[in-house]
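Inside the fold
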Protein chains: 8
Amino acid sequence: MDMDGTTADLGFARLDLGRAARTGLAETVYGPGKTPEQLTAIVAELLRRNGAALATRVSPAQAEALKACDWAGDHDPMSRTYVCGTPPEPTLGTVCVCTGGTGDLPVAEEAARCAAFFGARVAREFDVGVAGLHRLLGRLEAIRAADVVIAVAGMEGALPGVVAGLVAAPVVAVPTSVGYGASLQGLTPLLTMVNACAEGVTVVNIDNGFGAAAAAVRMLRLRERA
Amino acid sequence: MDMDGTTADLGFARLDLGRAARTGLAETVYGPGKTPEQLTAIVAELLRRNGAALATRVSPAQAEALKACDWAGDHDPMSRTYVCGTPPEPTLGTVCVCTGGTGDLPVAEEAARCAAFFGARVAREFDVGVAGLHRLLGRLEAIRAADVVIAVAGMEGALPGVVAGLVAAPVVAVPTSVGYGASLQGLTPLLTMVNACAEGVTVVNIDNGFGAAAAAVRMLRLRERA
Amino acid sequence: MDMDGTTADLGFARLDLGRAARTGLAETVYGPGKTPEQLTAIVAELLRRNGAALATRVSPAQAEALKACDWAGDHDPMSRTYVCGTPPEPTLGTVCVCTGGTGDLPVAEEAARCAAFFGARVAREFDVGVAGLHRLLGRLEAIRAADVVIAVAGMEGALPGVVAGLVAAPVVAVPTSVGYGASLQGLTPLLTMVNACAEGVTVVNIDNGFGAAAAAVRMLRLRERA
Amino acid sequence: MDMDGTTADLGFARLDLGRAARTGLAETVYGPGKTPEQLTAIVAELLRRNGAALATRVSPAQAEALKACDWAGDHDPMSRTYVCGTPPEPTLGTVCVCTGGTGDLPVAEEAARCAAFFGARVAREFDVGVAGLHRLLGRLEAIRAADVVIAVAGMEGALPGVVAGLVAAPVVAVPTSVGYGASLQGLTPLLTMVNACAEGVTVVNIDNGFGAAAAAVRMLRLRERA
Amino acid sequence: MDMDGTTADLGFARLDLGRAARTGLAETVYGPGKTPEQLTAIVAELLRRNGAALATRVSPAQAEALKACDWAGDHDPMSRTYVCGTPPEPTLGTVCVCTGGTGDLPVAEEAARCAAFFGARVAREFDVGVAGLHRLLGRLEAIRAADVVIAVAGMEGALPGVVAGLVAAPVVAVPTSVGYGASLQGLTPLLTMVNACAEGVTVVNIDNGFGAAAAAVRMLRLRERA
Amino acid sequence: MDMDGTTADLGFARLDLGRAARTGLAETVYGPGKTPEQLTAIVAELLRRNGAALATRVSPAQAEALKACDWAGDHDPMSRTYVCGTPPEPTLGTVCVCTGGTGDLPVAEEAARCAAFFGARVAREFDVGVAGLHRLLGRLEAIRAADVVIAVAGMEGALPGVVAGLVAAPVVAVPTSVGYGASLQGLTPLLTMVNACAEGVTVVNIDNGFGAAAAAVRMLRLRERA
Amino acid sequence: MDMDGTTADLGFARLDLGRAARTGLAETVYGPGKTPEQLTAIVAELLRRNGAALATRVSPAQAEALKACDWAGDHDPMSRTYVCGTPPEPTLGTVCVCTGGTGDLPVAEEAARCAAFFGARVAREFDVGVAGLHRLLGRLEAIRAADVVIAVAGMEGALPGVVAGLVAAPVVAVPTSVGYGASLQGLTPLLTMVNACAEGVTVVNIDNGFGAAAAAVRMLRLRERA
Amino acid sequence: MDMDGTTADLGFARLDLGRAARTGLAETVYGPGKTPEQLTAIVAELLRRNGAALATRVSPAQAEALKACDWAGDHDPMSRTYVCGTPPEPTLGTVCVCTGGTGDLPVAEEAARCAAFFGARVAREFDVGVAGLHRLLGRLEAIRAADVVIAVAGMEGALPGVVAGLVAAPVVAVPTSVGYGASLQGLTPLLTMVNACAEGVTVVNIDNGFGAAAAAVRMLRLRERA
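Presented here is a report on the structure given in the accompanying data block. (Residues numbered from 1 in each chain as written. Chains lettered and ligands numbered in written order. Predicted model: local features only at pLDDT ≥ 70, side-chain atom pairs only at ≥ 80, totals over all residues. Heavy atoms only, no water.)

**A word on the sheet that holds strand β5 (residues 73-76) of chain A**
Residue and element names in this part refer to chain A. Overall, mixed pairing links the four strands, which are arranged β3-β4-β6-β5 in an open sheet. Only two strands of the sheet have a single neighbouring strand rather than two, namely β3 (29-30) and β5. In this structure, β5 lies alongside strand β6 (residues 81-85), joined through four bridges in antiparallel fashion. For D76, the partnering residue across the bridge sits in β6 and is T81. Contacting β3, β4 (52-56) and β6, helix α2 (residues 36-50) runs over the sheet at an angle of about 150° to β4. (Pairing = 2+ DSSP bridges. Helix = DSSP H or I, 4+ residues; strand = E, 2+ residues; numbered from the N terminus. Contact = heavy atoms within 4.5 Å. Axes fitted to C-alpha atoms, helices over the stretch in contact; angles between N-to-C directions.)

**Focus on unusual backbone geometry**
Phi is positive for R80 of chain A, close to 55°, though the residue is something other than glycine. With respect to the helices, strands and loops of the structure, R80 of chain A is situated in the loop between β5 and β6. Here L184 of chain F, not a glycine, exhibits a phi torsion of approximately 50°, which is positive. For L184 of chain F, the position within the fold is in the loop between β10 (171-175) and α8 (187-194).

**A look at the pairing of strand β9 (residues 148-153) of chain A**
A regular strand places its side chains so that they alternate between the two faces of the sheet. Residue and element names in this part refer to chain A. Most of β9 is tucked away, with six of its six residues classed as buried. The alternating pattern of β9 places V148, I150 and V152 and V149, A151 and A153 on opposite faces, both of which are buried. Strand direction decides the pairing type here: strand β7 (residues 94-99) and β9, joined by five bridges, are parallel. Looking at the pairing, C98 lines up with A151 of β9. Here five bridges tie β9 to strand β10 (residues 171-175), and the two strands are oriented parallel to one another. Looking at β10, one finds that A151 is bridged to A173. Note that the unit made of β9, helix α7 (residues 159-164) and β10 has a crossover that is right-handed. (Buried < 20%, exposed > 50% of the residue type's maximum accessible area, 1.4 Å probe, protein only. Right-handed = clockwise from strand over helix to strand, strands pointing away.)

**Brief notes about the relation of the copies chain B and chain C**
Of the transformation placing chain B onto chain C, the axial shift is 0.0 Å and the rotation is 180°, giving an RMSD of 0.0 Å. With respect to symmetry, the two chain copies, as superposed, fit the operation of a two-fold axis. The share of interface residues of chain B whose copies in chain C are also at the interface is 100%, consistent with both copies meeting through the same surface. (Least-squares fit on C-alpha atoms with pLDDT ≥ 70 in both.)

**Re the sheet that holds strand β4 (residues 52-56) of chain D**
Residues and elements named next belong to chain D. Pairing is mixed across the open sheet formed by four strands, whose spatial order is β3-β4-β6-β5. On the outer flanks of this sheet lie β3 (29-30) and β5 (73-76), each paired with one strand and no other. Sheet topology places β3 next to β4; two bridges connect them, and they run parallel. In the sheet register, Y30 faces β4, and the bridge partner there is T56. Packed onto the sheet, helix α4 (residues 105-117) meets β4, β5 and β6 (81-85) and runs at close to 165° relative to β4.

**Concerning the interface of chain C and chain A**
In this assembly, 22 residues from chain C lie in contact with 21 residues from chain A. Taken together, both faces of the contact between chain C and chain A bury some 1,700 Å²; the carbon and sulfur share is 57%. Measuring nitrogen to oxygen at the nearest pair gives 3.4 Å for the salt bridge that ties E125 of chain A to R14 of chain C. Where chain C packs against chain A, one counts nine residue pairs in polar contact (both at pLDDT 80 or more). Contributing elements (two or more residues each) for the side of chain C that touches chain A: β2 (14-16), α1 (19-23) and α8 (187-194) of chain C. When the residues that make up the side of chain C that touches chain A are grouped by side-chain class, the tally is eight nonpolar, six polar and eight charged. (Buried area = accessible area lost by both parts, 1.4 Å probe. Salt bridge = Lys/Arg side-chain N within 4 Å of Asp/Glu carboxyl O. Polar contact = N/O pair within 3.5 Å; in protein donor to acceptor, adjacent residues only side chain to side chain. Nonpolar A, V, L, I, M, F, W, Y, C, P; charged D, E, K, R; others polar.)

**Details of the pattern of salt bridges**
Evaluated as defined, the whole model comprises 128 salt bridges over all chains. With its nearest N and O atoms 3.1 Å apart, the salt bridge here joins D16 of chain B to R19 of chain B. R19 of chain B matches D16 of chain B in its accessibility class, with the two residues each being buried. Here the salt bridges share partners, and the residues they tie into one network are D16, R19, R22 and E27 of chain A together with E199 of chain E.

**With respect to the arrangement of the chains**
No interface is formed between chain A and chain D, the nearest pair of C-alpha atoms being 14 Å apart. At their nearest point, the C-alpha atoms of chain D and chain H are still 8 Å apart, with no contact between the two.

**Here we look at the environment of L66 of chain G**
All names here are of chain G. Following the sequence through the fold, L66 ends up in helix α3 (residues 60-67). For the pair L66 and P36, spaced 30 residues apart in sequence, the C-alpha separation works out to 7.8 Å. When near neighbours in sequence (up to four residues on either side) are disregarded, L66 contacts L39, T40, V43, V58 and Y82.

**Some remarks on the packing of α4 of chain D against helix α9 (residues 209-220) of chain D**
Residue and element names in this part refer to chain D. Following both chains from N to C, one finds α4 and α9 inclined at 35°, their axes separated by 7 Å at the closest point. With respect to the hand of their crossing, α4 and α9 are arranged in right-handed fashion. Across the interface between the two elements, V107, E110, A111, C114 and A115 of α4 pack against G209, F210, A213 and V217 of α9. For the contact of α4 with α9, the class distribution of residues is seven nonpolar, one polar and one charged. (Left-handed = near helix turned anticlockwise from the far one by under 90°.)

**Here we look at the interface of chain B and chain C**
The interface is formed by 43 residues belonging to chain B together with 43 residues belonging to chain C. Summed over both sides, the interface between chain B and chain C buries roughly 3,500 Å², with carbon and sulfur atoms accounting for 56% of that surface. When the area that chain B buries against chain C is broken down by residue, the three leading residues are E199, R218 and L222 of chain B, summing to 21%. Here chain B and chain C share four salt bridges between them. For R225 of chain C, the salt bridge identified is with D147 of chain B, shortest N-O distance 2.8 Å. On inspection of chain B and its partner chain C, the count reaches 25 residue pairs in polar contact (both at pLDDT 80 or more). For the side of chain B that touches chain C, the secondary-structure elements that each account for two or more residues are α1 (19-23), α6 (140-144), β10 (171-175), α8 (187-194), β11 (201-203) and α9 (209-220) of chain B. The dominant element in the side of chain B that touches chain C, judged by the number of residues it contributes, is α9 of chain B, at six residues. Classifying every residue of the side of chain B that touches chain C by side-chain character gives 28 nonpolar, seven polar and eight charged.

**Considering the environment of T7 of chain D**
Among the secondary structure elements, T7 of chain D is positioned in strand β1 (residues 7-9). Residue classification places T7 of chain D among the partly exposed positions, given a relative accessible area of 24%. Linking T7 of chain D and A61 of chain D, residues 54 residues apart in sequence, is a C-alpha distance of 27 Å. For T7 of chain D, the contacting residues outside a window of four places in its chain are R14, L15 and L17 of chain D together with H134 and R135 of chain G.

**Examining the packing of aromatic side chains**
Under the counting rule described, the total for this entry stands at 24 aromatic pairs over all chains. Ring centres of F118 of chain C and F210 of chain C lie 6.2 Å apart, and the angle between their planes is 50°; on these two criteria the pair is classed as tilted. Note that F118 of chain C is positioned in the loop between α4 (105-117) and β8 (121-125) and F210 of chain C in helix α9 (residues 209-221), a separation of 92 residues in sequence. The residues F118 of chain C and F210 of chain C share a single accessibility class, namely buried. Ring pairs connect the aromatic residues F117, F118 and F210 of chain A, which therefore count as one cluster. (Phe/Tyr/Trp six-rings, centres within 6.5 Å; stacked < 30°, edge-to-face > 60°.)

This is how it looks when you write it as structure tokens:
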């Protein structure tokens, strides 16, 4: 297992350049805890090596620093994601990102943009929560057309389980920290989703749209193994 | 506030005989922590005073002791409830008790039998959980006919929220301790239900079918105040 | 189940216009996570369709945007609620909103104003917590006159249980996040209320005055089904 | 601080014979985790040194072993306490032990018997929970006559706070593990009691009647310091 | 959405016969909370309708009842699963079930047998936990050959994250309740897995081998959509 | 129980003027959640009726408003307490307030100043935590001289238990929110204190110096009942 | 990193025979979840390869099976440990195992016997909990003579922190599940110990005497690196 | 045990000057909860008595005050540590501080600087988390050269367990509060680390780099006891 050639040591960080070869997903950058200088240095290195880079949870100060760099990039404030370079074409299949409510949009957009960065086609079906089932049932055909569903919900977090009972695709559930006190900053919908009766639901961390996208893309890759 | 005449002091217990006058719900007996002798003594006193008695969470040993008494009574092992005497006629209106799955039956039956004891008409719609929505939608007409809905569910506990989005009646949610590890013995569905997006859901304790019935009956009484 | 005509798709939100027909409670707007522009757009659409609109948890910036709209509206900073248009007459019956202390007022006022928006008559009995029982007992007649009681309390959250032992009306319990550290931002009174010995208490989410009002109004509607 | 003469080393245990001198409360024995032989050896040593001994949480097997010893002793199965020798006369003042319900009796009796062992006069007022306030108010005179109140309750655990608002004595609160699921084996009433609005409540561990008695007796000793 | 023809009402249960058509996974039976009679009745109905049936968490008494039926079936005591009839051929692709230790075998076998029931080829790589990395690295080639990996681990639950950093397949993580006290009956590894740094991990409930298998099979189906 | 004459209704608050008669402790004011105007109005009323007033958790804005009133008062920023009027002479006995560290001072001073307001003599022994036992043992004589000990500690919260093993006085334990992450904002020391092996420890809420003082004063009053 | 030669594949288990070379601690066996046959097979293999074997958490049935084997072994029921073969001489240095109380003995003995198995000299100082400090101070000289201290305590778990303030050796803290309800089966002392003010305390899992011994032995090995 | 001469009483603090003699680690200062004046006074006293001083968790305001003092000192903003005077030479042995990611650097640097203050040689191996194992394996030789390893990680916290399976040195695990919601501000990695399968891991508090350093230095001292 010769792994020595695949690391870029920046001193404060050790970039895992062999990740795409190992896992199919190129290394990306998680913003929190990094200075703007550290973040731009990492993005620059990834862009140079991989031809594209993705940063998530980008703070306003980090976004400013990235905008000041001498390459073009796209920063989306709502989802706090930054993309630069030339990501792959969307050829892997379709991910449908659903949300229970409007408050889940930042997480859903993180998922959508990350999935696109990794090469997925992305469909969006927002505000189809279970309190008004007809909204969901009215969009069912569109949701069923997707290869993988990412279901994003806060509060009670019931959406993924209900969706999984209606479609055949894998459902990746993302709990969000949206809600009243007893949602426990997202711990309640996380637990709800892990307990979903409908088989086929698997769960990622609270507000982790990125992780849902990465998992969904791994699943899409199975289409290439037919 | 003259309350002195309304207590029966059995030494080990102080029966609240004025409860029906104050709250509309006669005192009942909760079995755990009482010896069979204590339980039968309380039931006897309530039967003598009120003409009927209800005991919940009756253990097998307690049930044996009750059966040996010189009055007729009805013990249901699944719901662990015991009723004797002549409860009121079912004139208050209709409670529909729904469950997510078959494993919720003991709690649902406790709710159903207690509601009947307090004078409600009871409808049952079992195993209509959200993993197969058509089961619920197929019974929607029957559920909508009820004045109050008691929705009983374990695991993810999504049933009450989905029901509340489809009916106009108050929905009393009962979480059950049925499920895999992360249901946390019912704490997870309790939290789910408290976070339901659909307005109109209120929640009682885990596995507390009795409490749901009592609350539902208080609501039914509002029909008399029209 | 023809539900297609009842949704207004604003792109970022999918308004559930059939909700009043299904559940008796018109769709309302929850402020958090929405931009001022999104909020005013939703309020405008609800006002146009329903003749009245209610927004809860309105932030100062959202309130500014709403005030700048070309229709009249009433914003209450303490309860963070906003009402515009012509809500129904208060004909459904009476809800009494009680609080344990003065710190519970914002949540209690949210409950009171939302209940009024949905057509309830509202009575207020504030600062009647159980540490000085005579305050509660002195107001008992007024509380007993109500059809439904909403009991709001933080810290130990004992008020709803004590009230439920004294009245025959349904008691909707609202835990608040007011208190010292071990109140766990309201989780402790929520648990207290769910464990109330006095039957007839049902519970909503922490600080969720809106949810309590909606549940209470569903109950009041039972008076029309007599 | 010469402490060397005050320890009795039994090999498996190191008895703190100086405890009464330091804290006013003689060392006692906590049964769990000890073999019957270990327990009887400790009781024998304490009886020999102090003239009296108290064991708590005595298992049936331990009780058998104690009964087989060649001294007289009094084992109470409900409270799982064992007393032998000659405890002090009840001269310290009066502790009133109240309970919310009948299920709290084992813990209450542990408190009562331990307080008596340490020299307190004990009054008992059982089943005066807040769901039927008149039961408590009807016994208020008796409770107010006590120097210290021990209030024992499970489920919602509201009794100590209500009592503390009605009496001037210190109130020691004991949560019990009696209740439905969300009482979390007593954690909920513990939290309730710690959050009591009525000042003057202090709390001991779940089901810890012994600890409540010991604390109450320390308080009673203050009467000697007048 | 005509769903009426797809339910078999057994009185105590409402079988979701349309599930395979909707989700690709035929309805199965979860044993807990059902009497042996109820379980055999459901298995019989599923066998009659679908030609095969799977029951999970089968108790010894339920297993006895199933063995007494007049059809052949295969009960595996370790995984508590029962299969009868003719499940599909293993044509969907390969699932590799890995475990951290020997104590995880019951859950892993549940996953393996359920995946096989749904039509997957199953590979097993047991006892490859991260405390001895060479065990895992020595089996890496075999694990990488799978289309989907199910990683089962208790205690710290680190296996799925480490595996996901080494393979390109989706990794379904199953926490188990195996471990010392602070594993909190599986809650700790569940949280660990949800927090895995390596992207591509999604999580199911504690000890839920069945749920992992169902999710994995949904993923395998994507190979048919290439 | 004539309680009607003892309430002062300010509209937003219902002052419990009979509290001193019932419990020995005059009503005081808890600042959070009250506007500066509400707070000064309550203080004014209490001062007028009782001749003295105590406010706790006073915010800077509230303190400003109180300073602007036309009576003299003493605001201590560290403990956030405000006292005005003429509290009773310190004749009840001595409370010793100990702390584990310097970070516990705000809570300890709240306890000290409140105890003084209620009529206790107060001794202070700060920074005597168990990490350097000699600090505590060196002050033991002073601590033993007190009638009641209030032990304030964050982090691990071991101080009260160690003190209780060394003194005969009742020990009121106050957990503080001082510490690293796993102190859980004071929940950990609260649990530690409730589990203290040394009998005689009772516990109040996190950071609740006021509650500890009130409880200690109730205990001191026992000296008058000798 | 050639690791292939160091694994013994028993089918159901993959023994890590290179562990001693890598970590200085030979592989041992954890009993739970293994059949008696599996356990004896593993012990036999380890004995054959390493000349000695240690099994922990051995159940009575497993102990019976081990006793029936054709080699000599030593089973200690209290600590549930089994040792066979020829462990190393006790040359590494001294570990002192302290306990707070007698109920902690099973965990302490597990630590003591495992440390001895790994080559440590073991001293025992039991029942020196902080409720009677003189017991601890009286044994301080003996404790200070050790190279590493393992401090075992349940309930409040204060012992390790107090010890660490008095000695210079590393202190390994072991929380036990002994105690009243709010000890939360050992979670409370675990949190206490992690929050110890005295620097130098590190913590292992609840009741994990084995883990404490292994960590202590790693520390002792440092003496060889002088 | 003459301890009286070893305390410096500053009024607000009681410095434990005998700590180095007792535990080998001189008293240091924890910044939170102290005014800048208090902090500088303590630092001045420690510097005067011990010739060196270390302050941790120094706030910007405290750092300003320290810089204004008339002695030289070194403040590192990232780790929030301040050192002045002449710490001991790094002669005790080598501590290797590893991190899972870049976000763990502040905690890791606190550990590194504190270990250096206490006399350790420090090696740093950052960003070697388990999501890319080759990063860790590529640095294994360097890590194995250390006498003690401090492994710092947030999110899932798997690093210490994996390291402990690869090295023979004691591994001190430090959980950090870095991560998505379900890391629960570091509680999840703390639990993960306590449950590590690889023996030899012991754990300190969340983000407590100081505590890890102190424990590691105690271990290093064992080299002097060979």
